[in-house]
Amino acid sequence: MMRLTWTCLLTLVLVTAACEAPGEEPVPAEEAVPALKEVFADAFLVGAALNPDQFYGRDTLGVALITKHFNTITPENVMKWEQIHPEPDRYDFEAADRFVAFGEERDLFIVGHTLVWHNQTPDWVFEDDRGEPLTREALLERMRDHIQTVVGRYRGRVDGWDVVNEALNEDGTLRPTRWLEIIGEDYLAHAFRFAHEADPQAELYYNDYSLTNPAKREGAVRLVQGLLDAGVPVTGIGMQGHYALTYPTLEELETSITTFAGLGVDVMITELDVAVLPRPSEYWGADVTRREELRAELDPYREAFPDSMQQALADRYADFFEVFLRQQEALTRVTFWGVTDGDSWLNNWPIRGRTSYPLLFDRAYRPKPAFFAVVATARE
Ligand code: G3I
């Protein structure tokens, strides 16, 4: 079927649009904007990663969007080790408690992110009082204490956890983190078992980026199959979904979804966004430690995002959602990594202070052409 252009779609769906001054975007009438969670209700949950301005209620327009469109939420940062467990004997649950309460108040499927990661984990985690590396047994004990304290606190309230995040290299081998160095390859099995003991009902996920790359996909298959063979309670694989206009191919995306589903676990798109800015290099991953210098040509849309790019983004999102809908038996959830373009980590990575446009809602909280293109995929 011929794909509708976004202007054409807007014309179709905007039964009443407010009059706008020349050059301004039309503001869609509220009733012309369907709720994403209803549009995809028969296919999968639809969610977003949240920041404190949203779950503390300061970003009231953001809260309205979340309440209307999403039925699952993930905390973008506040459950990471450095924030929830900043010192050996001190946990800080304040923001995480508010995040969970926000989800409960709206009856949302709540995801915890993340228990074991190599980033945003303080150095002390791996060291003893004298700054010497911990023994395997001591680090396992520290991991157990952390997981059981955090998962135990939200037992029966947080529905699923990203138990281990980003454990794989691009070639599919295990990433050389301090978890691996000190504990050994079974650190993942222990993490999942500790989480299961703390909340036997919670879903437990392995979460990573670039899982559409063949070598990394095969690495994830080996990893998760090995865990399942050993009786480790892994319930799902999270494909982060930090994508771009030309990456990945739709074939690789679909192959990964079907391959992971073939392992008998749930598959979910956990951190979806589509990068639109020029890349300083041909790196397509999401390693948060990578940094590049700002140059004007790498930040071309500071003032406005051209119509041609809006259309390209809308087409790309439509392509992705066509795959997601075709694979709805395998997919349990699609979570965007942020609500509006203004919230996105891509404004600050891999270069700080750029103006990016990777999500479905713009900086003024309006649905973009990409939003309507996504909605249209469910109605084709
Ligand atoms: O909280 C401090 C604040 O006090 C300080 O003033 C400010 C100054 O830079 O920094 C704030 O911390 C930042 C934090 O986000 C909260 O905004 C960190 O510098 C920044 O590095 C951190 O970035 C996050 C990144 O993970 C690292 O944790 C991004 O927001 C977050 O979107 C990103 O999310 C990751 C997923 O967890 C895993 N997959 C990849 C994804 C994207 O990188």
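Residues numbered from 1 in each chain as written. Predicted model: local features only at pLDDT ≥ 70, side-chain atom pairs only at ≥ 80, totals over all residues. Heavy atoms only, no water.

Draft legend 1. How the structure looks around the site of the ligand. Around the ligand, the structure places 14 residues, and the nearest of them are Glu76, Lys80, His113, Glu271 and Val288. Within the side chain of His113, a nitrogen or oxygen atom sits 2.7 Å from an oxygen atom of the ligand. In this structure, Glu271 approaches the ligand through a side-chain N or O atom, which is 2.8 Å from a nitrogen atom. In isolation the ligand has 790 Å² of accessible area, and contact with the protein removes 58% of it. Its residues assigned to classes, the shell around the ligand shows four nonpolar, six polar and four charged. (Near = heavy atom within 4 Å. Polar contact = N/O pair within 3.5 Å; in protein donor to acceptor, adjacent residues only side chain to side chain. Areas by Shrake-Rupley, 256 points an atom, 1.4 Å probe, with all protein chains shown as cover. Nonpolar A, V, L, I, M, F, W, Y, C, P; charged D, E, K, R; others polar.)

Draft legend 2. Expanded view of the confidence of the model for the protein chain. Within the protein chain, residue pLDDT values average 93, and 93% of them lie at 70 or more. Across residues 6–23, where pLDDT falls below 50, the model places 24 contacts with residues more than four positions away in sequence or in other chains. (pLDDT = per-residue confidence, 0-100. Contact = heavy atoms within 4.5 Å.)

Draft legend 3. The arrangement of the side chain of Thr121 in detail. Following the sequence through the fold, Thr121 ends up in the loop between β3 (109–116) and α7 (136–153). Relative accessible area serves as the criterion here: at 12%, Thr121 is assigned to the buried category. Reaching out from Thr121, the side chain makes a polar contact with the backbone oxygen of Trp117 at a distance of 2.9 Å. For Thr121, the residues in contact, after removing those within four places along its chain, are Trp81, Phe126 and Trp179. (Helix = DSSP H or I, 4+ residues; strand = E, 2+ residues; numbered from the N terminus. Buried < 20%, exposed > 50% of the residue type's maximum accessible area, 1.4 Å probe, protein only.)

Draft legend 4. View of the pairing of β3. Of all eight residues making up β3, eight are buried, and the element is well covered by its neighbours. Pairing analysis gives four bridges linking β3 to strand β4 (residues 160–165), with the strands arranged parallel. Its bridge partner lying in β4, Val111 is registered against Gly160. In the classification by handedness, the crossover that spans β3, the intervening α7 and the parallel β4 is right-handed. (Pairing = 2+ DSSP bridges. Right-handed = clockwise from strand over helix to strand, strands pointing away.)

Draft legend 5. Structural detail: helix α4 (residues 60–69). Within the sequence span of α4, burial applies to Gly62, Val63, Leu65, Ile66 and His69. The buried residues of α4 occupy one face: seen down the axis, they fall within an arc of 160°. (Arc of directions from axis to C-beta.)

Draft legend 6. Structural detail: the packing of α7 against helix α9 (residues 187–198). α9 packs onto α7 with a crossing angle of 35° between their chain directions and a minimal axis gap of 9 Å. With respect to the hand of their crossing, α7 and α9 are arranged in right-handed fashion. Along its contact with α7, which presents Arg136, Leu140, Met143, Arg144, Ile147, Gln148, Val151 and Gly152, the element α9 presents Tyr187, His190, Ala191, Phe194, Ala195, Glu197 and Ala198. Partitioning the contact of α7 with α9 into residue classes produces nine nonpolar, three polar and three charged. (Axes fitted to C-alpha atoms, helices over the stretch in contact; angles between N-to-C directions. Left-handed = near helix turned anticlockwise from the far one by under 90°.)

Draft legend 7. Spotlight on the pattern of salt bridges. This structure, assessed with the given rule, holds 20 salt bridges. In this structure, Arg136 engages Asp186 in a salt bridge whose closest nitrogen and oxygen atoms are separated by 2.9 Å. In this pair, Arg136 is assigned in helix α7 and Asp186 in the loop between α8 (178–183) and α9, connecting sequence segments 50 residues apart. Taking relative accessible area as the criterion, Arg136 reaches 30% and is therefore assigned partly exposed. Two residues, Lys216 and Glu170, come together in a salt bridge whose shortest N-O distance is 2.8 Å. One end of the pair, Lys216, is in helix α10 (residues 214–229); the other, Glu170, is in the loop between β4 and α8, with 46 residues separating them in the sequence. Taking the relative accessible area as the measure of exposure, Glu170 reaches 33% and is therefore partly exposed. A single salt-bridge network, built from bridges that share partners, covers Arg98, Glu105 and Arg106. (Salt bridge = Lys/Arg side-chain N within 4 Å of Asp/Glu carboxyl O.)

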